[in-house]
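# Coordinate inspection notes
Below are the chains, spelled out letter by letter.
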Amino acid sequence: MNLIKFIYSILLLISFDTFSQEEELMGADSLFYNENYTESKKIYDSIFYINKYYSESMLLKMAVIEEKLNNYEKSIYYLSIIQRKNSDKLIQEKINKIILKNELNTYDLSDKDYLNELFLKYKSKLLTILITLIFLIFTANIFMISKNNKPNFFLKGFYILSFLTLAIINYKVPRIGIVSDNNTFIMNEPSSASDVFMIIKKGEKLKITNNDIEAWYEVLMRNKKKFVRKKNLYIVD
């Protein structure tokens, strides 16, 4: 009985938290539509950065606000989160307009980048198809066993599909970061005493190759491994 009460209390708290968040979001949306961007930004930021919640609609509004406030790097950041999950043509066009307007130079896609975008776009659908096929093959073989037959229905295919599923689940697309500040130093080594490789402005995109270094990200610049302070990047996950 105590366990049921405990579970009920947890569900009640979750429901209340969700309702409170939705109420906050509605308030922010109302301020946004009334062009009170500064106040709506405060609420959206709180929901995004503190509550760790967002929707595509909310990110689009946040991107509009930041662009109006000339924080185009944040606008790119929010749009990039949407794009990384959905690979939407209209979102990419919005990003491209900001890139051109602000003369940003690090957004050329390599063939590998393009393939990674396709992978992210179709990953969920591909996994659904593979898992469905694996389940059907597994079920067919279980049925054969129940009939005292040797399980041999497409077994090679079962192993191949299982291997592909595991490979897709474990493949990690390189993280990207959007530079948050003008005059950000790209260093040759992960040290303040290192030589500066180059200085870039806010809004530029960097491909992260290693995030395990304290206070630093290893990034790829002109096909060379360089370093930037973690505090200077918005990470697109």
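Residues numbered from 1 in each chain as written. Predicted model: local features only at pLDDT ≥ 70, side-chain atom pairs only at ≥ 80, totals over all residues. Heavy atoms only, no water.

### Here's the deal with the pattern of salt bridges
Scanning all chains against the criterion turns up 5 salt bridges. Lys41 is paired through a salt bridge with Asp45; the nearest N and O atoms lie 3.0 Å apart. You can see Lys41 and its partner Asp45 sitting in helix H2 (residues 37-50), 4 residues apart, about one turn around the helix. As a salt-bridge pair, Lys41 and Glu66 come within 2.6 Å of each other at their nearest N and O atoms. Pair noted here: Lys41 is in helix H2 and Glu66 is in helix H3 (residues 56-68), with a separation of 25 residues, a long-range link. Across the pair, exposure class does not vary: Lys41 and Glu66 are buried alike. Here the salt bridges do not stand alone but share partners, grouping Lys41, Asp45 and Glu66 into one network. (Salt bridge = Lys/Arg side-chain N within 4 Å of Asp/Glu carboxyl O. Helix = DSSP H or I, 4+ residues; strand = E, 2+ residues; numbered from the N terminus. Buried < 20%, exposed > 50% of the residue type's maximum accessible area, 1.4 Å probe, protein only.)

### As for the layout of surface pockets
Quantified by volume, the largest pocket comes out at close to 880 Å³. Around the largest pocket, the lining is made up of 32 residues, and of these Thr106, Tyr107, Asp108, Asp113 and Lys205 lie nearest the centre. Looking at the lining of the largest pocket, the elements that each hand over two or more residues are helix H4 (72-86), helix H5 (89-101), helix H6 (111-146), strand S3 (196-200), strand S4 (205-213) and strand S5 (216-221). It is H6 that contributes the most residues to the lining of the largest pocket, 4 residues altogether. In terms of residue class, the lining of the largest pocket is built from 13 nonpolar, 10 polar and 9 charged. The volume enclosed by the second largest pocket comes to roughly 220 Å³. Along its surface, the second largest pocket is lined by Arg84, Lys85, Phe119, Leu120, Lys123, Ser124, Tyr171, Lys172, Val173 and Asp237. Listing elements by their share of the lining of the second largest pocket, those giving two or more residues are H4 and H6. Of all the elements, H6 adds the most residues to the lining of the second largest pocket, at 4 residues. Looking at the lining of the second largest pocket residue by residue, the classes come out as 4 nonpolar, 1 polar and 5 charged. (1 Å grid on protein atoms, 1.4 Å probe; cavity = no way out; pocket = protein on both sides within 12 Å on 5 of 7 lines; lining within 4 Å. Points joined across faces, edges and corners; volume = space filled by probe spheres on them. Nonpolar A, V, L, I, M, F, W, Y, C, P; charged D, E, K, R; others polar.)

### Quick word on a nonpolar patch on the surface
Among the surface-exposed residues, Tyr114, Leu115, Leu118 and Tyr122 lie close enough to one another that they form a single nonpolar patch of about 400 Å² accessible area. Position of Leu118 among the secondary structure elements: in helix H6. (Patch = residues over 30% accessible without salt bridge, like charges linked within 9 Å, V, L, I, M, F, W, Y side chains within 5 Å. Areas by Shrake-Rupley, 256 points an atom, 1.4 Å probe, with all protein chains shown as cover.)

### Remarks on H4
Since the α-helix packs 3.6 residues into each turn, any two residues three or four apart lie on the same face. The terminal C-alpha atoms of H4 lie 21 Å apart, and with 15 residues this matches the ideal 21 Å at 1.5 Å per residue to within 8%. Burial runs high along H4: 13 of the 15 residues are buried. Ser87 sits one or two residues past H4 and shows a positive phi near 50°. (Expected span 1.5 Å × (residues − 1).)

### Section: the confidence of the model for the protein chain
For the protein chain, mean pLDDT is 85; residues scoring 70 or higher make up 89% of the total. When pLDDT is averaged over each helix and strand of the protein chain, the minimum, 66, is found for helix H1 (residues 2-33) and the maximum, 95, for strand S2 (residues 184-187). Every residue in residues 11-16 is under pLDDT 50, and counting partners more than four places away or in other chains gives 0 contacts. (pLDDT = per-residue confidence, 0-100. Contact = heavy atoms within 4.5 Å.)

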